[in-house]
Amino acid sequence: MVWWVLAFACLLVLMVVMLVRTDSLASEHKRLLAQFRLLDQESSQVQQFTYELAEEFSQFLLLQLGSVRRMSRLAEDEMYIFELAIQLIPTLCKEMSSRQLALQPALQRALKLHADLEYSAVEAVIGKHGRLINGWQKQNFAGYLQMCQQMYLLAKEFSHKDVQRPTQASVSN
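Here we summarise the structure given alongside this text. None of these values were measured; they are calculated from a predicted model.

**Some thoughts on the environment of Ala121**
Take Ala121: it is sitting in helix H5 (residues 119-128). As for Ala121 and Asp77, which are separated by 44 residues in sequence, their C-alpha atoms are 9.8 Å apart.

**Points about the pattern of salt bridges**
Tallied over the entire structure, the rule returns seven salt bridges. Close ionic contact of Glu76 with Arg69 constitutes a salt bridge, the shortest N to O distance being 2.4 Å. Judged by its relative accessible area of 52%, Glu76 is exposed. A residue is classified by how much of its surface remains accessible, and Arg69, at 24% relative accessible area, is partly exposed. We note a salt bridge from Lys128 to Glu78, for which the minimum N-O separation is 2.4 Å. Placement of Lys128 in helix H5 and of Glu78 in helix H2 (residues 76-87) is noted, with a sequence separation of 50 residues between them. A relative accessible area of 57% places Lys128 in the exposed class. It is possible to trace a salt-bridge network through shared partners that takes in Arg69, Glu76 and Glu83.

**Here we look at H5**
For H5, the set of buried residues is Tyr119, Val122, Val125 and Ile126. Looking straight down H5, one finds that the buried residues subtend no more than 130° of arc, so they occupy a single side.

**Let's talk about the nonpolar core**
Ranked by size, the top nonpolar core spans 39 residues in total, and within it Phe82, Leu88, Ile89, Leu92, Leu107, Leu111 and Tyr144 carry the most contacts. Listed by contribution, the elements that provide at least two residues to this core are helix H1 (2-69), H2, helix H3 (89-98), helix H4 (103-114), H5, helix H6 (130-137) and helix H7 (141-172). Excluding its chain neighbours within four sequence positions, the residues that come into contact with Leu92 are Leu103, Ala106, Leu107, Ala110, Phe141 and Tyr144.

**Some points on the side chain of His129**
By secondary structure assignment, the location of His129 is in the loop between H5 and H6. Ignoring sequence-local partners within four residues, the contact set of His129 consists of Leu74, Glu78, Phe82 and Leu154.

**Side note on unusual backbone geometry**
Positive phi, close to 55°, is recorded for Gln100, a residue that is not glycine. Relative to the elements of secondary structure, Gln100 occurs in the loop between H3 and H4.

About the thresholds
Residues numbered from 1 in each chain as written. Predicted model: local features only at pLDDT ≥ 70, side-chain atom pairs only at ≥ 80, totals over all residues. Heavy atoms only, no water. Helix = DSSP H or I, 4+ residues; strand = E, 2+ residues; numbered from the N terminus. Salt bridge = Lys/Arg side-chain N within 4 Å of Asp/Glu carboxyl O. Buried < 20%, exposed > 50% of the residue type's maximum accessible area, 1.4 Å probe, protein only. Arc of directions from axis to C-beta. Core = buried A, V, L, I, M, F, W, Y, C linked by side-chain atoms within 4.5 Å. Contact = heavy atoms within 4.5 Å.

Here it is, written out as structure tokens:
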């Protein structure tokens, strides 16, 4: 009989411990759920802010590229690819952050959605200009931004050479 009482007491203590532990786990779950919601909201805000910065950077580079485009000696198809690459910055930002895509699939998807241009044509232009390769080889968004900035600088460099040559020739005469 004593064994029955002792077994019942142990079972009762075990049930109380399990109830306390369950209550503790439930409150921990509620705390973690609230923390998750807060982090998810912050993550959405950061994504939106990043997208807005990407849009602003794209617009800035497009304005800069537009100012040197008229004087550039680069081929028109290369200038088109430069302009398109810069225009795709916000789209790639969204694709890479929301869909969790790597740069190459995100760029292929963006090219299909926004232009009748093959991925290989973009790669060919990048391979043609050595200063673009460094950013391209990183295969991430930061490298892509670096490459777009180099595209503008390349177009600017080619336009200044055209403008500087006639003035240098007139100085030497």
